[in-house]
Amino acid sequence: MKKVFVFLMIIIGLQSFSQFGYKKFYFTTGITGQYLTTSKYTGFDVNLTFIPRYNFVEFNPEATLSVEIRPQIGAGFRNWYSRDGRHLSFPTRVSYASPLLINFNWGLSSEENSQYLFGLYIGCGYNYANVISKTPSYEAIHGFVIDAGIHFDSSPISHLSLMYTFGNKGNRIYGFGFYYDF
């Protein structure tokens, strides 16, 4: 993971010197709902999300390549937990996640001067998610993530997103988000 991060930082550094004249940083905030499945428990989370995005390659005014991180924190509950053959329910707990993504953006919001009223993106990366609770400790879910979304010219919701995490040991996270682009 450290090698990937260093590689991304080098590419971002080189691109920042080679391209000028277009907006590189974008900020988004919103709500992400997640459904988590593992061999021992399932559950739902609702997280507040802040998304800083950096466009590091501009192919044209309607297509860019970006890197973003989506730090999330919120509350949720586990449907059940299996211990000694019994299914136990769990109380509300604090959840957090931090996906790191590289996306191809096209159309609206791919670049500041886009002429389209609709945009989309698709990408992949790495996700780490866990919870804080008084109940027995949970195993963190981490692994490869794919995401896709659309941008549309609207308010207060201008961005919808789907994420799917292929977690460690067969664990999965399904995510859906409503966001507002600044």
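The rules behind these values
- Residue positions are given per chain, counting from 1 as you read along its sequence in written order.
- Reporting in this predicted model follows two pLDDT cut-offs: at least 70 for local features of residues, and 80 or more for side-chain atom pairs to be given and counted; totals over whole chains, interfaces and linings ignore these cut-offs and use all residues.
- In computing side-chain properties, one takes all heavy atoms of the structure into account and sets aside hydrogens as well as water.
- Think of it this way: any DSSP run of H or I at least four residues long counts as a helix, any run of E at least two long counts as a strand, and we number them from the N terminus.
- Classification of residues uses two cut-offs on accessible area relative to the type maximum, computed with a 1.4 Å probe and protein chains only: under 20% is buried, over 50% is exposed, and between them is partly exposed.
- Two residues form a contact once any of their heavy atoms are found within 4.5 Å.
- To be clear on the numbers: accessible area is Shrake-Rupley with a 1.4 Å probe, and residue cover counts the displayed protein chains and nothing else.
- Confidence of the prediction at every residue is given by pLDDT, a number between 0 and 100.
- Think of it this way: a Phe, Tyr or Trp ring, Trp meaning its six-membered ring, pairs with another when their centres are within 6.5 Å, and the plane angle makes it stacked under 30 degrees, edge-to-face over 60, tilted otherwise.
- Each pair of strands is called paired provided DSSP finds at least two bridges between the two strands.
- What qualifies as a polar contact is a pair of N or O atoms within 3.5 Å, subject to a donor-acceptor requirement within protein and to the restriction that residues adjacent in sequence count only when both atoms come from side chains.
- The patch calculation keeps residues exceeding 30% relative accessible area without a salt bridge and links them within 9 Å when they carry like charges or within 5 Å when they are nonpolar (Val, Leu, Ile, Met, Phe, Trp, Tyr).
- For this document, the term salt bridge refers to a Lys or Arg side-chain nitrogen within 4 Å of an Asp or Glu carboxyl oxygen.

Caption draft 1: Representation of the overall build of the protein chain within the structure. Assigned secondary structure in the protein chain consists of one helix and eleven strands. The buried share of the protein chain, taken over its 182 residues, is 45%. A separation threshold of at least 6 residues defines the contact pool for the protein chain, and within that pool the share at least 24 residues apart is 58%. Looking at the protein chain as shown, the accessible area adds up to about 9,700 Å², and 69% of this sits on carbon and sulfur atoms.

Caption draft 2: Quick peek at the environment of I173. Tracing the backbone shows I173 in strand β11 (residues 172–181). If we ignore the near neighbours within four places in the chain, the residues touching I173 are Q34, Y35, L36, N127, A129, I141, M163, Y164 and T165.

Caption draft 3: The confidence of the model for the protein chain, seen in detail. Residue-level pLDDT values for the protein chain average 83, and 77% of them are 70 or greater. Here helix α1 (residues 2–18) stands out as the least confident element of the protein chain, with mean pLDDT 59; strand β7 (residues 100–107) is the most confident, with 95.

Caption draft 4: Geometry of the environment of F104. With respect to the helices and strands, F104 occurs in strand β7. In sequence terms F104 and N55 are 49 residues apart; their C-alpha atoms lie 9.4 Å from each other. Those residues in contact with F104, other than ones at most four positions away along the chain, are F59, A63, T64, L65, L120, Y121 and I122.

Caption draft 5: The arrangement of the packing of aromatic side chains in detail. In this structure the tally under the stated criterion is eleven aromatic pairs. Plain terms: the ring middles of F176 and F178 are 4.8 Å apart, the flat faces sit at 90° to each other, and that makes the pair edge-to-face. For F178, a relative accessible area of 40% puts it in the partly exposed group. Connected via pairs of aromatic rings, a cluster forms that spans Y35, F44, F144, Y164, F166 and Y174.

Caption draft 6: Just the pairing of strand β6 (residues 93–97), in detail. Of the two faces of β6, only the one carrying R93, S95 and A97 is buried; V94 and Y96 on the other face are not. Both β6 and strand β8 (residues 118–132) contribute to a ladder of four bridges, which runs antiparallel. Directly across from V94, in β8, lies its bridge partner I132.

Caption draft 7: Layout of the side chain of D147. Topologically, D147 is positioned in strand β9 (residues 141–152). The exposure class of D147 is buried, given its relative accessible area of 3%. In terms of polar contacts, D147 uses its side chain to reach the side chain of R70, at 2.9 Å. Setting aside residues no more than four positions away along its own chain, D147 makes contact with R70, L101, N103, Y121, I122, G123, C124, S161, L162 and M163.

Caption draft 8: Here's a closer look at a nonpolar patch on the surface. Judged by side-chain polarity, F25, F27, F50, Y180 and F182 come together as a nonpolar surface patch covering roughly 520 Å² of accessible area. Tracing the backbone through its elements, the reader meets F25 in strand β1 (residues 25–37). Accessibility expressed as a relative area gives 48% for F25, which makes it partly exposed.

Caption draft 9: Highlighting the pattern of salt bridges. Counted by the stated rule, this structure contains two salt bridges. With a shortest N-O distance of 2.7 Å, R70 and E68 are connected by a salt bridge. On the basis of relative accessibility, which here comes to 0%, the residue R70 falls in the buried class. Residue class for E68 comes out buried when judged on its relative accessible area of 6%. Residue D147 is joined to R70 by a salt bridge in which the shortest nitrogen-to-oxygen separation is 2.9 Å. Here D147 is found in strand β9, whereas its partner R70 is found in the loop between β3 (63–69) and β4 (72–83), with 77 residues between them in sequence. As far as the burial class goes, D147 and R70 line up, both buried.

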